[in-house]
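# Observations on chain architecture
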Amino acid sequence: MSREITITALKYNPSDCNSKPTFVDYKLQEEPGMTLYIALTKIKATVDHDLSSDFVCRAGICGACGMIINGKPKLACKTLTSDFKDGKIELLPLPTFPLIKDLSVDTGSWMKNMSIRVNSWIVTNEKTDISKLEKRIEPEVADEVFELDRCIECGLCVAGCSTAIMRKDFVGAVGLNRVARFSIDPHDERTDEDFYELIGDDEGIFGCMSLLACEDYCPKNLPLQSKIAYMRRKMIKV
Amino acid sequence: MSQENIIESLTGKTSKKKKSRIPAKLDFLQSATGLILAIFMIFHMLFVSTILISKDFMYSVTKAFELSFIFEGGSTVPVFISILIIFIIFIFHAFLAMRKFPISYKEVLRLKTHSDLMNHGDTKLWIIQVVTGFLLFFLGSVHLYIMLTNPGNIGPFASSDRVYSDTMWPLYILLLIAVEFHGAIGLYRLSVKWGWFEGSDPKKSRKRLKKAKWILSGVMLVLGAATLVAYMKIGAEHQSNYGERYTIQTEVQNAY
Amino acid sequence: MHIRYTDALIIGGGLAGLRSAIATSERGLDTIVLSLVPVKRSHSSAAQGGMQASLGNSIMGEGDNEDIHFSDTVKGSDWGCDQEVARMFVQTAPKAIRELAAWGVPWNRVVKGERAVVINAKHTTITEKEEAHGLINARDFGGTKKWRTCYTADATGHTMLYAVTNEAMKRGVVIEDKKEAISLIMKDGQCFGAIVRDLKKGGLSAYVAKGTMIATGGYGRIYKQSTNATICKGTGHAIALEAGAYLGNMEAIQFHPTPMVPSGILLTEGCRGDGGVLRDKDGYRFMPDYEPEKKDLASRDVVSRRMLEHIKKGKGVKSSYGDHLWLDISILGREHIEKNLRDVQDISMTFNGIDPADKDENGWMPVLPMQHYSMGGIRTTPKGQSVNIKGLFSCGEAACWDMHGFNRLGGNSVSETVVAGMIVGNYFADFCEETGIAIDTKMVQDELGKQDEYILGILACDGNEKIFDIKDKMRNIMQDKVGIFRNGKDLEEAVEELKILLQKTKNITVANKCRLLNPELEEAYKVPMMLKVALCVAKGARDRTESRGAHFREDYLKRDDENWLNRTISYWKNKDDLEPALKYEELDIMKMEIPPAFRGYGRKGFILENPLSQKRQEEVDKIIENHKSDRGSLQEKLMPYELQAEYKIKNQRLGDEDE
């Protein structure tokens, strides 16, 4: 027996001078295995063609659909409506990112700025001859790098972060994790001094207050707590 | 004005084209001062709570702090110096921690809404720290100033008189609550911040640390409350003899 | 009027587009990449299982080389591919993977000594060589002779996409996301850029470029059930089609055997590559009965059909979403799953509440074949330029380059994206360097004005059709009538119904009249584009009266090399036509390195042979017999092909000299 659920979404189009922020309720019949992706797609196709949200892979891989779902930052595509016992779901756009419209936010520009700021790439003077055998890497080291490379830049760590909420220049767990990732990559020749230049300030590693919402809401279960601590210990010694 | 400062404030880099190391030092010092204060508070509590064992014991511990084994009858100088050092660390810690506070209306609104919506444990704990930290600016300063100006007035009667007859007890109740929350949360935060006691499973260790934090807060609050009650009781009994100092002999005479 | 000028304009920010952008920016060309979504969210990130490259480091890949990879690819394509392109590809793939390694992709590495694996549902131990320790590892995948698929757990596309995006940013490539190209700027059969809609603000602007590349991926969303991301709508194909470009083999649609039921989320082929098996309602492993040699790891088209065949025999598992089969990876053990198939585990637990590491049937995941990949696309030369429009390039899934023919091997698509990004990207850069264009701003303005009017026209339209209904109907038609098993009657109906739908899109009403940020408006201009692409697929399938690779006709069961060894070309003759025109491009058997034959899997004896196949085989045999020298020079004799020298150079392997 399916039940009726109520989805409440914050609607607002900042680029439209007539738009005022309002909460809108949508009632719909729940289906077995219904995710918020399915629910919102249905709402968009039937009740409100004008509701904007960001879904791409709808499988928790691409990180596009972060939202505040009943107060918590989550990936909407991986959230089942059946998880909410009272059938009431309130959706808000992710804070800390510029709002595009309704539930759609501009994580792209934010993440691009972050990537450029922490030089999120391999830095090396070594020239690779790609016709020759690849550089050998210890398998465990490759696994360790992969572990941190799993970040999908969904922005939930930033949206959950009290520092980021207050200080818009904070690099976020996503940025600190990225630096940790390159610092353990054997292809990267950067030293701790070099990394200090990227994150050695209050907008970087020293802005983190260790409230660990990043760790608690990361949909990929990245070891953010220990990696941020690791970077902090390193940076303090520089 | 130093040119180095001008260069850094305008360009964000030192004259060697490097980032300043000051933020690293400040971050470290915030933690270090916090750790010192927290450890101090634990020992402070253990010391004042000796009254629960006996007045004599508390008295002899006090005298030991006054280095009575060196100076005949003890000296207030070492106590004064200790308090002064703690006061300086306290002010410095407050100054460093203030950097993290929400300051503008927008920041306060955003932080409060965020925390209320999310209902996330560690975030709420931090807000408790902000509030208790703010209270401690005043409560701690008052207490420390009084002790600094009366380093000799520590003892079973002197302290009790202060608590009861000088009506310091309302301040001490608030101070106790603020300190024990602030300190225990602070110690927990220090552990996760620097990755202490991480072990092989940081998630599990964090749970344990959090449990330890609650236990510490609880034990300290109970101990503190009991101690305060003890001083209140002595203070009430001793009201008529306000200002009289405790001696071991008095105790012996009273026993008869 | 807002006009941007650049040297190279790349539409699509997945692996192929970004790797091409690196190629052009390395030449100092001003490069802009446009993407519907932040580029790291592109559908490339959803590629799970791995990337094929014949490194031969792992003991199970020992002896692998370009020739074997080539042969697997050609057989996989059911001889529909361009063998010269397939050669270009296999020669460059090892270089691509090594380049990616240097860019930070944390490829899984070989650990020396013994390790436990599951082969043919049996636990076995293999011993990796000491000298291979630390080199890039590989897993097994469908349709391959060797273990050749390199991987980072089941997030291979993700790590590749991040590495390539990072490198593009490092080189200062201008990446503009939330930008959608809605038409190409054309004059005298040459492309001069695109008209672009800003999806953050809603405005239109013109991007004028010396060279334009379309790397927009596949068009799976024209189907109701697809593993593709929501953005894979084929609009890149549609703007090329509207500009007059030829599309190739649009009917060649791959159905992946193991998307999960009912969400349609993909469970990687790595599940079976690592030793997982398919089971029916009785828990019986049925694939060995159908495919004794390759079993669960025959090519995707074959496995998908066998699965449906088995369901038709009543062996499917009944569910409220129809019949399905089971994918069992529990036999691989929890440790393996939690390390190498963790996204699969996460997906299965989140969406179906099943932990695939749980013992026996508790861990079995419900699967059913669904649309997965588009072999067809913008028909290009081996250099990646459109065969009929100058200045328009295409690569990756969007293109019909054509290395996949009528079926793509698992692990060859992410591989193609970067390899084509390197090869085609370089040819594209050559073109942009050599080409000077005289810009007629009036022409640009006219095109911009035309698109502006078109959008206003949609908003002004006051009809009684609903765009969301039209879209739903299209997706159902494609699902039901242009699916895995196809027949003349259904296909004919599909074409006619799609035409009616296309007609109906001119008679809709958009409720919200805002021309800026308006999701309904976006549907209103996208659905007609999707319908045009769908019509190319349906009509191409209707007219191709044979079964080849993924294109399977119940009324024409045989692969017909005599009449159908060709590539379907579909194009839009007049703007207001309701269906594409078709023509065919013949494949020359006499130039093939491997002439058509049996694939080694799939049903035997279902080929109408072309006499030339026999003749060419004899020629090939003779050349091989008389050849005394090394592999490389033999290949040159069999089928010479052009490729940049830096990519054609020999690939070093373990055991080769001067390591």
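Values in this document were obtained by computation on a predicted structure and should not be read as measured data. (Residues numbered from 1 in each chain as written. Chains lettered and ligands numbered in written order. Predicted model: local features only at pLDDT ≥ 70, side-chain atom pairs only at ≥ 80, totals over all residues. Heavy atoms only, no water.)

## Observations concerning unusual backbone geometry
For the peptide bond that leads from C:Val261 to C:Pro262, omega is 0°, which places it in the cis range. Relative to the elements of secondary structure, C:Pro262 occurs in the loop between β12 (253-256) and α6 (270-273). Unlike most non-glycine residues, A:Ser210 shows phi in positive territory, near 60°. In this fold, A:Ser210 is placed in the loop between α7 (192-199) and α8 (213-217). Phi is positive for C:Lys178, close to 60°, though the residue is something other than glycine. On the secondary structure map, C:Lys178 appears in the loop between β7 (174-177) and β8 (179-187). A residue is classified by how much of its surface remains accessible, and C:Lys178, at 9% relative accessible area, is buried. (Helix = DSSP H or I, 4+ residues; strand = E, 2+ residues; numbered from the N terminus. Buried < 20%, exposed > 50% of the residue type's maximum accessible area, 1.4 Å probe, protein only.)

## With respect to the sheet that holds strand β4 (residues 72-75) of chain A
All names here are of chain A. Overall, mixed pairing links the five strands, which are arranged β2-β1-β5-β3-β4 in an open sheet. Two strands in the sheet have a free side with no partner beyond their single neighbour: β2 (22-29) and β4. Neighbouring strand axes in the sheet, compared pairwise and without regard to direction, differ in orientation by 35° on average. In the sheet, strand β1 (residues 4-11) pairs with strand β5 (residues 88-92) via four bridges, with the strands oriented parallel. Its bridge partner being in β5, Thr 8 is matched across the sheet by Glu 90. Its contacts with the sheet put helix α1 (residues 36-46) on β1, β2, β3 (66-69) and β5, and the angle it makes with β2 is roughly 100°. (Pairing = 2+ DSSP bridges. Axes fitted to C-alpha atoms, helices over the stretch in contact; angles between N-to-C directions. Contact = heavy atoms within 4.5 Å.)

## Side note on the interface of chain A and chain C
With 65 residues of chain A in contact, the opposing surface of chain C contributes 78 residues. Summed over both partners, the interface of chain A with chain C comes to about 5700 Å²; 54% of that surface belongs to carbon and sulfur atoms. Viewed at the interface, chain C and chain A are joined by eight salt bridges. Its salt-bridge partner being A:Lys220, residue C:Asp343 comes within 3.2 Å of it at the nearest N-O pair. Remark: the boundary between chain A and chain C carries 38 residue pairs in polar contact (both at pLDDT 80 or more). Of all the secondary-structure elements, those providing two or more residues to the side of chain A that touches chain C are α1, β6 (99-101), α2 (107-117), α3 (139-149) and α6 (172-183) of chain A. Counting residues per element, the side of chain A that touches chain C draws most heavily on α3(A), which supplies seven residues. (Buried area = accessible area lost by both parts, 1.4 Å probe. Salt bridge = Lys/Arg side-chain N within 4 Å of Asp/Glu carboxyl O. Polar contact = N/O pair within 3.5 Å; in protein donor to acceptor, adjacent residues only side chain to side chain.)

## Considerations on the pattern of salt bridges
Inspection of every chain in the model, using the stated rule, returns 102 salt bridges over all chains. When the shortest N-O distance is used, the salt bridge between A:Arg232 and B:Asp27 registers 2.8 Å. Placement of the pair is A:Arg232 in helix α9 (residues 224-237) and B:Asp27 in helix α2 (residues 22-48), with the two residues belonging to separate chains. Looking at A:Arg232, the relative accessible area reads 0%, which means it is buried.

## Things to note about the interface of chain B and chain A
Where interface size is quoted, it is often the accessible area lost as the parts come together. With 36 residues of chain B in contact, the opposing surface of chain A contributes 41 residues. Of the roughly 3400 Å² buried at the junction of chain B and chain A (both faces included), carbon and sulfur atoms supply 50%. On the chain B side of the contact with chain A, B:Lys19, B:Met118 and B:Trp194 bury the most area, a combined 17% of that side's loss. At the junction of chain B and chain A, the tally comes to eight salt bridges. For the salt bridge of B:Arg21 with A:Glu197, the shortest nitrogen-to-oxygen distance reads 3.8 Å. At the surface where chain B touches chain A, the tally comes to 19 residue pairs in polar contact (both at pLDDT 80 or more). Taken together, the elements giving at least two residues each to the side of chain B that touches chain A come down to α2, α5 (105-118), α6 (121-149), α8 (169-194) and α9 (202-237) of chain B. Per element, the largest residue contribution to the side of chain B that touches chain A is six residues, and it comes from α5(B).

## What to know about the sheet that holds strand β11 (residues 247-248) of chain C
Residue and element names in this part refer to chain C. Spatial strand order, β19-β17-β11-β23-β24: five strands in an open sheet with mixed pairing. The sheet terminates laterally at β19 (399-400) and β24 (581-586), the two strands that pair on one side only. Here strand β23 (residues 566-571) pairs with β24 via six bridges, running antiparallel. When the sheet's bridge partners are listed, Thr 568 is paired in β24 with Tyr 584. Of the strands in this sheet, β11, β17 (377-379) and β23 touch helix α5 (residues 235-242), which is tilted by about 35° from β17. Sitting on the sheet, helix α15 (residues 519-543) is in contact with β11, β23 and β24, with an inclination near 60° to β24.

## So, the state of the cysteines
Residue and element names in this part refer to chain C. For the structure shown, the criterion picks out zero disulfides over all chains. Cys 191 forms no disulfide, and the closest cysteine sulfur to it belongs to Cys 432, at a distance of 11 Å. For Cys 191, a relative accessible area of 0% corresponds to the buried category. We note that Cys 395 lacks a disulfide partner, and the nearest cysteine sulfur, in Cys 432, lies 12 Å from it. (Disulfide = S-S within 2.5 Å.)

## Comments concerning the nonpolar core
All names here are of chain C. Grouped together as the largest cluster of nonpolar side chains are 117 residues, with contacts concentrated most on Ile 222 and Leu 498. Counting residues per element, this core draws most heavily on α15, at 14 residues. In contact with Ile 222, not counting residues within four places along its chain, are Met 474, Arg 475, Met 478, Met 530, Val 533, Ala 534 and Val 537. (Core = buried A, V, L, I, M, F, W, Y, C linked by side-chain atoms within 4.5 Å.)

## What to know about the packing of α2(B) against helix α4 (residues 77-98) of chain B
Residues and elements named next belong to chain B. It is the contact of α2 with α4, at a shortest axis distance of 9 Å, that shows an interaxial angle of 135°. Compared by their axis directions, α2 and α4 come out oblique. Remark: the crossing between α2 and α4 carries left-handed chirality. Note on element contacts: α4 touches α2 through Ile 86, Ile 89, Phe 90, Phe 92, His 93, Leu 96 and Ala 97, opposite Leu 26, Leu 29, Gln 30, Thr 33, Gly 34, Ile 36, Leu 37 and Phe 40. Residues that form the contact of α2 with α4 fall into these classes: eleven nonpolar, four polar and no charged. (Parallel < 35°, antiparallel > 145°, perpendicular 65-115°, else oblique. Left-handed = near helix turned anticlockwise from the far one by under 90°. Nonpolar A, V, L, I, M, F, W, Y, C, P; charged D, E, K, R; others polar.)

## Description of the side chain of C:Glu416
Residues and elements named next belong to chain C. Inspection of the secondary structure assignment puts Glu 416 in helix α11 (residues 412-434). Of the side chains with opposite charge, Arg 408 lies nearest to the buried Glu 416, which makes no salt bridge, at 6.5 Å. Setting aside anything within four residues of it in sequence, one finds Glu 416 in contact with Phe 89, Tyr 373, Gly 396, Glu 397, Trp 401, Met 403, His 404 and Gly 421. (Lys, Arg positive; Asp, Glu negative; His and termini not counted.)

## Quick word on a nonpolar patch on the surface
There is a patch of nonpolar side chains on the surface, built from B:Val77, B:Phe80, B:Ile81, B:Leu84, B:Ile85 and B:Ile88 and spanning about 510 Å² of accessible area. Turning to its location among the elements, B:Ile81 is positioned in helix α4. (Patch = residues over 30% accessible without salt bridge, like charges linked within 9 Å, V, L, I, M, F, W, Y side chains within 5 Å. Areas by Shrake-Rupley, 256 points an atom, 1.4 Å probe, with all protein chains shown as cover.)

## Brief notes about the arrangement of the chains
Taking contact number as the criterion, the leading pair out of two pairs of chains in contact is chains A and C. There is a clear gap between chain B and chain C: no contact, and 16 Å between their nearest C-alpha atoms.

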